[in-house]
Amino acid sequence: MSDFLVKPATTWNRVEGQDLKVKDWIVPSWEVSAATWDVVITGVPLSRSSISASAASEFPEAFRRSWSLFSTYYFDEHVDFRSLRVADLGDVKMHGTDIVRCHANIEAAMVDVLKAHPDSCYVSIGGDHSITAPVIRALAMETGKRIGILQFDTHLDLRDVQEHGPSNGTPIRQLLDGGIVRGEDVYNIGLHGFYNAPTLIEAARHYGVNMISLKECRRNGATRQIADVMAALGEKVDFVYVTVDMDVLDIAYAPGVPASTPGGMRTDELFDLLFEVGKYDFVRAVDFVCIDPHRDTQAQTTVKAVTYAFLTMMVSRYIHL
Ligand SMILES: [Mn+2]
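All of these numbers come straight from a predicted model, not from anything done at the bench. All residue numbers refer to position in the chain's written sequence, counted from 1. With pLDDT at 70 or above as the cut-off, local features in this predicted model cover only qualifying residues; side-chain atom pairs require 80 or more to be listed or tallied, and sums for whole chains, interfaces and linings still use all residues. Values reported for side chains reflect all heavy atoms of the structure, with hydrogen atoms and water molecules removed beforehand.

1. Concerning the packing of helix H3 (residues 99-116) against helix H4 (residues 132-143)
The angle between two axes is taken between their N-to-C directions and runs from 0 to 180 degrees, where each axis is a line fitted to C-alpha atoms and a helix contributes only its stretch in contact. Runs of H or I in DSSP of at least four residues are treated as helices and runs of E of at least two as strands, each being numbered from the N terminus. Relative to each other, H3 and H4 sit at 45 degrees, their axes nearing to 8 Å. Classified by the angle their axes make, H3 and H4 are oblique. You can see that H3 and H4 cross each other, and the crossing is right-handed. Facing H3, whose interface residues are His 103, Ile 106, Glu 107, Met 110, Val 111, Leu 114 and Lys 115, H4 presents Pro 134, Val 135, Arg 137, Ala 138, Leu 139, Met 141 and Glu 142. Three residue categories are used. Nonpolar comprises Ala, Val, Leu, Ile, Met, Phe, Trp, Tyr, Cys and Pro, charged comprises Asp, Glu, Lys and Arg, and polar comprises the others, including Gly. Of the residues contributing to the contact of H3 with H4, the split by class is nine nonpolar, one polar and four charged. Roughly parallel refers to an angle under 35 degrees, roughly antiparallel to one over 145, roughly perpendicular to one between 65 and 115, and oblique to any angle outside these ranges. Crossings are assigned a handedness: left-handed for a near helix turned anticlockwise from the far helix by less than a right angle, right-handed for a clockwise turn. Any two residues having at least one pair of non-hydrogen atoms within 4.5 Å are treated as being in contact.

This is the structure we're talking about:
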């Protein structure tokens, strides 16, 4: 185990049985000595870097707790994906107050994860959206590859780093200014309404970020929209990183996301899009960010939606790759 990872508080008593649950299927990596995983999950519990007050740092644990509610059988395609090998690597160790140090830990943990599991698909569970920058920096540094970003978000996340620091308003800007990713390799799906200031639109145009509105995505439909983006990225990049800011969802579907808005995406639309994303093997990593389980409904509306979204992408990988 990496020095920058710690064992999470939530661990399941795994039961190998006929009615396998997701909690029995995801293997705690610290219980096995050596193994090859199709997918590795890392918790990234940081939210001091969130612009709106957020307990997203509690989300990795809430995510793990929800695993008992899901089966490894996907009814929509009539497939059991239990033979996909998925490991939980634990959580990145965080500093109590120092955000820059937390980001350095995330980067170091990801480098260790990449070294230990060079051929896996990497799933990072935030935390707020600031975590995407150090995760992608580690991927870029370690692989030396050209990385494309498919971002599901209501916001561009291109705020000025001088003014806003390494927060959840600036991850994409940090990566562009740092020369880690090119603007033309960033595709944002889900933009809508009144939530991006003109200066941010200007910044997106300046960097060449591809903006796809929610309306446009709906008009195209999930299959065509994702096929178009992947075809364009396929011409340019070595692999794709998918970042899912759950604030892309309508506030009615994501009460547990501090920055979700009216007029956003529905959960079924997000699931359909991620099912399409799962068909492409040059998608090497994904993160889910900005879910505050303390703000969620008692029914855990948002927490369950993330688990469903994650499983939808995984079952699609299982079927297609
Ligand atoms: Mn965001």
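Alright, that's what it looks like, and here's the rest.
2. Remarks on the coordination of the manganese ion
Only nitrogen, oxygen and sulfur atoms qualify as donors, and only when within 2.8 Å of the metal (3.2 Å in the case of Na, K and Ca); with water excluded, sites may look incomplete. The protein atoms donating to the manganese ion are His 129 (ND1), Asp 153 (OD), Asp 157 (OD) and Asp 245 (OD), with metal-donor distances spanning 2.1 to 2.3 Å. Written as a sequence motif, the donor arrangement for the manganese ion is H-x23-D-x3-D-x87-D. Linking Asp 157 in the loop between strand S8 (147-152) and helix H5 (161-164) with Asp 245 in strand S11 (residues 239-245), this pair joins segments that are 88 residues apart in sequence. Here Asp 157 matches Asp 245 in class, with each residue buried. A 1.4 Å probe rolled over the protein chains alone gives each residue an accessible area, and that area as a share of the maximum for its type sets the label: buried under 20%, exposed over 50%, partly exposed in between.

3. Overview of the pairing of strand S9 (residues 186-191)
Taking burial as the measure, the six residues of S9 include six buried ones, the bulk of the element. At least two bridges found by DSSP between two strands are what make those strands a pair. Of the strand pairs in this sheet, S9 and strand S10 (residues 210-213) are connected by four bridges, and their pairing is parallel. The partner of Ile 189 across the bridge, within S10, is Ile 212. Crossover S9 to S10 through helix H7 (residues 198-207) is right-handed. Crossover handedness is defined by viewing with both strands directed away from the observer: a clockwise path from the first strand over the helix to the second marks the crossover as right-handed.

4. Side note on the nonpolar core
What is meant by a nonpolar core is a set of buried Ala, Val, Leu, Ile, Met, Phe, Trp, Tyr and Cys residues, joined one to another through side-chain atoms within 4.5 Å. Counting residues in each nonpolar core, the largest one holds 60 residues, and the members touching the most others are Leu 150, Phe 152, Val 242, Met 246 and Phe 288. The element that contributes the greatest number of residues to this core is helix H11 (residues 301-320), accounting for nine residues. Core analysis: the second largest hydrophobic core is formed by 42 residues, Ile 136, Ala 138, Ile 147 and Leu 176 among them.

5. Here we look at the side chain of His 192
Here His 192 is to be found in the loop between S9 and H7. On the basis of relative accessible area, His 192 is assigned to the buried category, the value being 13%. Not counting chain neighbours up to four residues away, the residues in contact with His 192 comprise Thr 154, Leu 214, Thr 261, Pro 262, Gly 263 and Gly 264.

6. Notes on the packing of helix H10 (residues 267-277) against H11
Remark: H10 packs on H11, axes separated minimally by 8 Å, with the N-to-C direction vectors making an angle of 25 degrees. The angle between H10 and H11 places the two elements in the roughly parallel class. Between H10 and H11 lies a crossing whose hand is right-handed. Together, Thr 267, Leu 270, Phe 271, Leu 274, Phe 275 and Val 277 of H10 and Ala 305, Tyr 308, Ala 309, Thr 312, Met 313, Val 315, Ser 316, Ile 319 and His 320 of H11 make up the contact between the two elements. Considered class by class, the residues forming the contact of H10 with H11 number eleven nonpolar, four polar and no charged.

Without other data, these values stay purely geometric and don't point to any function.
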